[in-house]
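Observations on the three-dimensional arrangement
As a plain string of letters, each chain reads:
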Amino acid sequence: MGPAHARLPYGHRPLDRPRGAVRHSHTEHHWSPQLNAAPADQIRLLDVQDLDTRLSQLAHKRRSLPEHEEIQTLEADLSQLRDLLVAAQTEESDTAREQTKAEQDVDQVRQRAARDQQRLDSGMVTNPKDLESLQSEIASLAKRQSDLEDVVLEVMERRESAQERAAELTERVESVQQRTAEAEGRRDLALESIDHEVRMATKEREVVAGALPADLLKLYEKIREQQGGVGAAKLFQRRCEGCRLELNITEVNDVREAAEDAVLRCENCRRILVRTPESGL
Ligand SMILES: [Zn+2]
């Protein structure tokens, strides 16, 4: 018997080989084939994707109804018109007060002139100087009364125009309120119809997704969140329908070699790539 080291033991390999340096296959798959799912389930996943896309579109449609903007514009108009109406109504009541005051001024002057005229007509004032003074006061009161009456007229004109403005603005406020109500009615009808579609699609999605394996659905949801709402895409004529890129020949060969129930991923967009009879393989 020779020394033990004279014969190399079976399975010998150099001890200095670093751990983890196992050579990777050069045909390493670009997807993560660790997940398997029956081809029929993969096809059903596309149905879930279609329903999710439909739900996203409905949510977008709901947010961007033209009525939203229309109502916002009408409400801005309404608020502006209401401010103008309050200003016109304030001016109306201010000028009403001003008119009352101006009319009282006219009355005072008129009463004083009437008293003076009475004294003059009574014949009790005989002194020529007093007579002259009285006549002069009557004349000046007449002038004053005429001036004050002009003020009343001017105030009345301003009051009338404030009244007209308030009436016109009241009409416009009512018209805008009516248009707002109409737009809100249209918006509510549209929302009702969208919400009905959302309920139907949600129910259908629950049924279809409920029949899928949990791990496949979980992976799909995760990718969908990262990839703008699309987690699974059809492989259609060698093209990923998620990112629209055509698979190169290596990738096509990898897909051909992959097991039927392997869950494939697009190398470009990482979405679940579902094979169908139209995949062009
Ligand atoms: Zn892709």
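Residues numbered from 1 in each chain as written. Predicted model: local features only at pLDDT ≥ 70, side-chain atom pairs only at ≥ 80, totals over all residues.

Quick look at the UniProt feature "domain: C4-type zinc ribbon" (unreviewed entry) in the protein
As annotated in UniProt, the feature "domain: C4-type zinc ribbon" (unreviewed entry) corresponds to residues 239-273 in the numbering used here. Secondary structure across residues 239-273 comprises 26% helix and 17% strand; the distance between its end C-alpha atoms is 10 Å. (UniProt positions renumbered as here; feature names shortened; annotations may be inferred. Helix = DSSP H or I, 4+ residues; strand = E, 2+ residues; numbered from the N terminus.)

Section: the nonpolar core
Counting residues in hydrophobic clusters, the biggest one holds 22 residues, and the most contacted among them are Leu45, Tyr220, Ala233, Ile272, Leu273 and Val274. Secondary structure elements with two or more residues in this core: α1 (39-63), α4 (214-226), β1 (232-236) and β4 (272-275). The element that contributes the greatest number of residues to this core is α4, accounting for 4 residues. For Leu273, the residues in contact, after removing those within four places along its chain, are Ala233, Leu235, Cys240, Leu264, Arg265 and Cys266. (Core = buried A, V, L, I, M, F, W, Y, C linked by C-beta atoms within 7 Å. Buried ≥ 20, exposed ≤ 12 C-beta atoms within 10 Å, placed from the backbone. Contact = placed C-beta atoms within 7 Å.)

Quick word on unusual backbone geometry
The bulk of non-glycine residues show a negative phi, and the bulk of peptide bonds are trans. At Arg238, a position not held by glycine, the phi torsion is positive, near 65°. Structurally, the position occupied by Arg238 is in the loop between β1 and β2 (239-240). On the neighbour-count criterion, Arg238 (16 C-beta atoms within 10 Å) is partly exposed. You will see that Arg244, though not glycine, has its phi angle at about 70°, which is positive. Its place among the elements puts Arg244 in the loop between β2 and α5 (249-257).

Overview of α4
Between the first and last C-alpha of α4 there are 19 Å, a value that for 13 residues agrees with the 18 Å anticipated at 1.5 Å per step. Turning to α4, its buried residues number three or more, namely Leu216, Leu219, Tyr220, Ile223 and Arg224. One face of α4 carries all of its buried residues, which in axial projection span an arc of 135°. The outward face of α4, more than 90 degrees from its buried face, is lined by the exposed residues Ala214, Lys218, Lys222 and Glu225. Next to the buried residues of α4 lie α1, β1 and β4. Where α4 ends, the next residue or the one after it, Gly228, has phi of about 60°, a positive value. (Expected span 1.5 Å × (residues − 1). Arc of directions from axis to C-beta.)

What to know about the sheet that holds β4
Taken together, 4 strands build an open sheet; the order of strands is β2-β1-β4-β3 and the sheet is mixed. On the outer flanks of this sheet lie β2 and β3 (264-265), each paired with one strand and no other. Strand direction decides the pairing type here: β1 and β4, joined by 4 bridges, are parallel. Bridge pairing links Ala232 to Ile272 in β4. Across the sheet, α1 touches β1 and β4, and the angle it forms with β4 is around 120°. (Pairing = 2+ DSSP bridges. Axes fitted to C-alpha atoms, helices over the stretch in contact; angles between N-to-C directions.)

Some words on the environment of Asp116
One can find Asp116 in helix α2 (residues 66-122). Asp116 sits 19 residues away from Gln135 along the chain, and the two C-alpha atoms are 8.2 Å apart. If we ignore the near neighbours within four places in the chain, the residues touching Asp116 are Leu134, Glu137, Ile138 and Leu141.

Describing the packing of α1 against helix α3 (residues 128-210)
At a minimum axis distance of 10 Å, the contact between α1 and α3 shows a crossing angle of 160°. Judged by the inter-axis angle, α1 sits roughly antiparallel to α3. α3 is crossed by α1, and the crossing has left-handed handedness. In this structure, α1 contributes Arg44, Asp47, Val48, Leu51, Asp52, Arg54, Leu55, Leu58, Lys61 and Arg62 to the contact, and α3 contributes Leu191, Ile194, Glu197, Val198, Ala201, Thr202, Glu204, Arg205, Val208 and Ala209. Class assignment of the residues belonging to the contact of α1 with α3 gives a composition of 10 nonpolar, 1 polar and 9 charged. (Parallel < 35°, antiparallel > 145°, perpendicular 65-115°, else oblique. Left-handed = near helix turned anticlockwise from the far one by under 90°. Nonpolar A, V, L, I, M, F, W, Y, C, P; charged D, E, K, R; others polar.)

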